[in-house]
Structure formats: C-alpha cells, structure tokens
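Overview (structure and organization)
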Amino acid sequence: MKRVAVLGGGPAGSVAAARLAEAGLDTILLDEKLAWEKPCGGGITWKAYSQYPFLIDNDAPRKVIRRTLLTETRAGTATLELTEPLLIYARKDLNGMLLERAARMGARIEKERALSLERRNGGWRVRTRCGAIEADYLIVATGARNSLREVGTQYTARDSMCALGYYVPVEQNHVEIQFFPGFEGYIWVFPRCGHLSAGICGKNQASAAMRQRLEDWMDERGISRRDAVFYGHMIPALERPSWRSNRVSGEGWAAVGDAAGLVDPVTGEGIYYAVRSGDLAAQTLLDEAHAPSAKHAVYRSLLHQDFIEDLAFAAGLAKRFFLQQVLMSSVPGRMIEFMRRSPSMTAIVQDLFAGTQNYLALKSRLLNSLNGTMLEAVMGAILSRRVVKEGEA
Ligand SMILES: Cc1cc2nc3c(=O)[nH]c(=O)nc-3n(C[C@H](O)[C@H](O)[C@H](O)COP(=O)(O)OP(=O)(O)OC[C@H]3O[C@@H](n4cnc5c(N)ncnc54)[C@H](O)[C@@H]3O)c2cc1C
C-alpha cells in the first residue's frame, strides 16, 4: 500500500492519520474546516485518556472535573464525586491538538473538502475543489453528516439523536445532568475553560420542543443566554437492528468514528470510539498478515470484538433506561434515589461515568453488588428484555 487518504480531521481521522504516518505510510488528511468548534460537550472519560495518554498529556486547555450533579425532576439530586475525573475540552482546542500531532508524525494535512469518490484501478480518486488526489486506501472520518453516500453508515431517521445547546460565557467547575420522566434523552452542563456547554439531546423529539425545554431549564437554573452562542448537530444513536447491518467498511475503505455510527447510544459518548476506531483502522492497514482485499473484513471483526457488541446491547437498553417506569418512577429517578442510599450503586455509576463498566457485564454486577435488596428486582427488570421487545428497541 502506497498512499492512504484520510477524509475528515476530527478525533477519528487525526488519530488514524497519526498512526499511519508514524509507521511511514504516505498519509494525506483532508478536512474542509481543520480545527473548529464542532458542536459537542467535549467530555473525555478516564477510559479514553488512560488508554490514549496523548488525550491528557498535552498543552491544550481543558477542565478537570471531579464533581457531577445528577438530577431527575421528581427524585431530586445525587452528587457524584468522581474518583476518575472527566476531562472537558473545547473541541477547537482538542481537534487542533490532534491535527498538530498527526502533522508531527508526518501526515500531510490539507484544508479541503472531499466532494466525490471514484474507484480507479483498485484505488481511489478523491475529487476536491482544487482538483483530485489519488490514493490506494480510504479512511472515511467525515463525521455524522458524511455526504459521501457510497461509504460509511447509512443512517435511518431512527438512528440518531438530535442535540442542540448553547456555549455560555460562564465559569463553573462541576458537571450537571438532568433527566425528565418519559423523555428519551437528557440535559447536560459541561464546563470548559472560559465558558460552559449547556445542551440537550433526545431521540424522536421535535427540535423546537427540545430547545424550549432547554431554555426553560436554563431560566429556572439562572443560566443566562446573554452572549451565548447557539449550536445544533446530530449524535449517532443506532437502533439495535441497525448495528447488525451497519456499513463500517468495504473493499478499499474503512469508516471510523461518527461516519461509522460508533457512539454509545445511552450516553452519546463518541470521542473514545472515534479515537479507538481510528486506531484500529490504522492497525489493520499496517498489519501485513492480511491481504489488502481482506482488510475491510478484518477491521469489521476487530470492531465487533472490541466494542460493537457492547454498544449494540446498549442500544436495546437505552429505551428502557429513559422510558421505562419502575415502581411508579422513571429509571433515572430510581437510580438517583438508590445512589443516595447505596454506596454500591454509587460505585457502579462512577464506573459508568469513567467508561470502565461495560453494558454486557452490567446486569451481573448489579445483581451481585445489590443482592438481597429491592434494587435487585428493580435493576433486573430494567436489564431484562420484557418491556420493550427487541424489534422496538
Ligand atoms: C451536541 C453534542 C455533544 C456531544 N458531547 C460529547 C461528549 O461530551 N463526549 C463525547 O465523547 N462525545 C460527545 N459527542 C459525540 C462526539 O462529538 C463525536 O462522536 C465525535 O466528534 C466523533 O468524531 P469524528 O472524528 O468521528 O467526527 P467529527 O468530530 O464530526 O469530525 C468529522 C470531520 O470531518 C470533516 N468533514 C466532513 N465532511 C467532510 C468532507 N466531505 N471532506 C473533508 N472533511 C470533511 C469535518 O469538518 C470534521 O472536522 C457529542 C456530540 C454532539 C452532537
């Protein structure tokens, strides 16, 4: 393989390009904007920065968050003192740092939009505004709004959450998460250096109603929108059946990050999966044990072993978590009540925040740690598939 073109320079593309260029491959990365304030909370979990230390060992400004307030309308608030802090970056800073790192490793970075793709002599011709580039392999890292229709996830209307919010010029040092009964989503406040990102994400909701809900909540909390900047975007949130048919790779290409739908469907965490998939795609290309024609299948199988099975399971869980009633209360409401009473429950939520508790193992941990209490029955019910049938999830 002589040249790889990486299309998109968010976390997924930059990490893939850095690893390929570091190994000596001719790597060109195209991004239409380069470092920009991509709508995002910017939160990076302990799982992400402990596995990829360059996410913490750098000079980019970020907040280190040790306290989170979790609130549900009826249940009130529980405070979580994070044993493994959350890092929060403005995305322009994070993307800039990762692009610089890729350039340092030897990747050629160009501010260009990939307009269309053409398969040629076993390779690719990528058309841009200034002409075209030729490449032997493509890493597709163009994010959730990928316009290159022949590669990457084919989203249906049910496979994403709508997300919108405000960057507010206010300093704060703790995260806030607000749940509402019967609402499939949540409000967040993520403090960054010099401002905070206050937003709402939800599935199957009209964006105007979500914006109103967020603004009412901000008014109640006294968070002024004066000088605040509005943003909106989509968060991939694949339904369970969509994970099975998800188009993550094909002959001569691999999609990474949001372009492959690789986001936690419960929390919306995507930066870790962008970085991880960028790394795995590069690893597959560099591994000479596999013929070029087999690489797309190898990459797909690596993703499944690594995290797709867990995220596909989580897709079924998401609806039950947000919408199911347990003993006349919402699941987040019960979770908050139990956190106030049970150190075991708090420890589990800690690990969910740190990203170290996978969903497939959650049920057995809940049953083991909460044995003999009413929680056992309640949490068992949440994790069973009784209420929402597979096809509906
Ligand atoms: C409101 C919101 C809040 C979020 N909060 C969090 C959070 O706190 N923590 C977390 O982990 N995740 C969060 N996410 C998810 C996270 O933002 C994404 O999962 C992550 O950015 C995915 O990285 P990526 O590199 O795959 O894509 P992106 O970051 O979207 O990067 C794609 C890049 O491709 C470029 N591009 C697109 N098309 C082309 C083209 N044709 N040619 C050239 N360049 C192109 C774009 O300019 C962009 O730079 C949030 C998402 C949203 C919408």
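What you see is a predicted model; the values in this text were computed from it and never measured.

What follows concerns the site of the ligand. Taken together, 37 residues sit near the ligand, with Asp31, Lys38, Gly41, Arg91 and Asp258 positioned nearest. Backbone polar atom of Gly41 to a nitrogen atom of the ligand: 2.8 Å apart, as the coordinates give it. Between the ligand and Ala114, the relevant distance is 2.8 Å, taken from a nitrogen atom to a main-chain nitrogen or oxygen of the residue. Burial of the ligand by the protein amounts to 95% of the accessible area it has alone, namely 1000 Å². Counting residues per element, the shell around the ligand draws most heavily on strand β15 (residues 229-236), at four residues.

Okay, the nonpolar core next. Counting 71 residues, the largest nonpolar core has Leu7, Ile44, Leu55, Leu138, Ile139 and Leu262 as its most contacted members. At nine residues, helix α6 (residues 271-286) tops the list of elements feeding residues into this core. Leave out the neighbours within four places in its chain, and Ile139 touches Val4, Ala5, Val6, Leu7, Ala16, Leu20, Ala254, Val256, Ala281 and Leu285.

Topologically, Asn246 is positioned in the loop between α5 (240-245) and β16 (249-250). Since its relative accessible area comes to 4%, Asn246 is described here as buried. Polar side-chain contacts of Asn246 include one of 2.8 Å to the backbone oxygen of Ala260. For Asn246, the contacting residues outside a window of four places in its chain are Thr153, Leu238, Ala260, Leu262 and Arg300.

Moving on, we get to the packing of α6 against helix α7 (residues 295-323). The description of two helices packed together rests on the angle between their axes and the distance between the axes. Their axes nearest at 9 Å, the elements α6 and α7 cross at an angle of 150°. As the angle between them shows, α6 and α7 are arranged roughly antiparallel. Once α6 is placed against α7, the crossing between them reads as right-handed. Facing α6, whose interface residues are Tyr272, Tyr273, Arg276, Ser277, Leu280, Ala281, Gln283, Thr284 and Leu285, α7 presents Lys295, Val298, Tyr299, Leu302, Leu303, Asp306, Phe307 and Leu311.

Let us look at the domain arrangement of the protein. Domain boundaries in the protein define domain 1 (3-42 + 90-153 + 239-314), domain 2 (159-236) and domain 3 (323-392). Computed over C-alpha atoms only, the centres of domain 1 and domain 3 are separated by 34 Å. The interface is formed by nine residues belonging to domain 1 together with six residues belonging to domain 3. Of the roughly 790 Å² buried between domain 1 and domain 3, counting both surfaces, carbon and sulfur atoms make up 54%. Our count for the domain 1 to domain 3 interface comes out at zero salt bridges. For the side of domain 1 that touches domain 3, the element with the highest residue contribution is α7, accounting for four residues. Residue composition of the side of domain 1 that touches domain 3, grouped by class: three nonpolar, one polar and five charged.

Attention shifts here to the environment of Ala135. Along the chain, Ala135 turns up in strand β9 (residues 131-135). Classification of Ala135 by relative accessible area gives buried; the value is 5%. Apart from the residues lying within four places of it in its own chain, the contact partners of Ala135 are Arg3, Val4, Ala5, Gly123 and Trp124.

Before going further, it helps to spend a moment on empty space enclosed by the protein. Counted under the stated rule, the structure contains three cavities of 30 Å³ or more. In this structure, the largest cavity occupies an estimated 60 Å³ of space. Along the walls of the largest cavity sit Met161, Glu184, Lys203, Ala237, Pro265, Ala318 and Phe322, which together make up its complete lining. Of the residues that constitute the lining of the largest cavity, the class distribution is five nonpolar, no polar and two charged.

What follows is about the pairing of strand β10 (residues 137-140). Successive side chains on a regular strand alternate, one facing one side of the sheet and the next facing the other. What you see with β10 is no split at all: Tyr137 and Ile139 on one side and Leu138 and Val140 on the other are buried throughout. Of the strand pairs in this sheet, strand β1 (residues 3-7) and β10 are connected by four bridges, and their pairing is parallel. Bridging from a neighbouring strand, Val4 pairs with Tyr137 of β10. Pairing geometry for β10 and strand β17 (residues 253-255), over three bridges, is parallel.

Definitions and limits used
Residues numbered from 1 in each chain as written. Predicted model: local features only at pLDDT ≥ 70, side-chain atom pairs only at ≥ 80, totals over all residues. Heavy atoms only, no water. Near = heavy atom within 4 Å. Polar contact = N/O pair within 3.5 Å; in protein donor to acceptor, adjacent residues only side chain to side chain. Areas by Shrake-Rupley, 256 points an atom, 1.4 Å probe, with all protein chains shown as cover. Helix = DSSP H or I, 4+ residues; strand = E, 2+ residues; numbered from the N terminus. Core = buried A, V, L, I, M, F, W, Y, C linked by side-chain atoms within 4.5 Å. Buried < 20%, exposed > 50% of the residue type's maximum accessible area, 1.4 Å probe, protein only. Contact = heavy atoms within 4.5 Å. Axes fitted to C-alpha atoms, helices over the stretch in contact; angles between N-to-C directions. Parallel < 35°, antiparallel > 145°, perpendicular 65-115°, else oblique. Left-handed = near helix turned anticlockwise from the far one by under 90°. Domains from an automatic or database assignment. Buried area = accessible area lost by both parts, 1.4 Å probe. Salt bridge = Lys/Arg side-chain N within 4 Å of Asp/Glu carboxyl O. Nonpolar A, V, L, I, M, F, W, Y, C, P; charged D, E, K, R; others polar. 1 Å grid on protein atoms, 1.4 Å probe; cavity = no way out; pocket = protein on both sides within 12 Å on 5 of 7 lines; lining within 4 Å. Points joined across faces, edges and corners; volume = space filled by probe spheres on them. Pairing = 2+ DSSP bridges.

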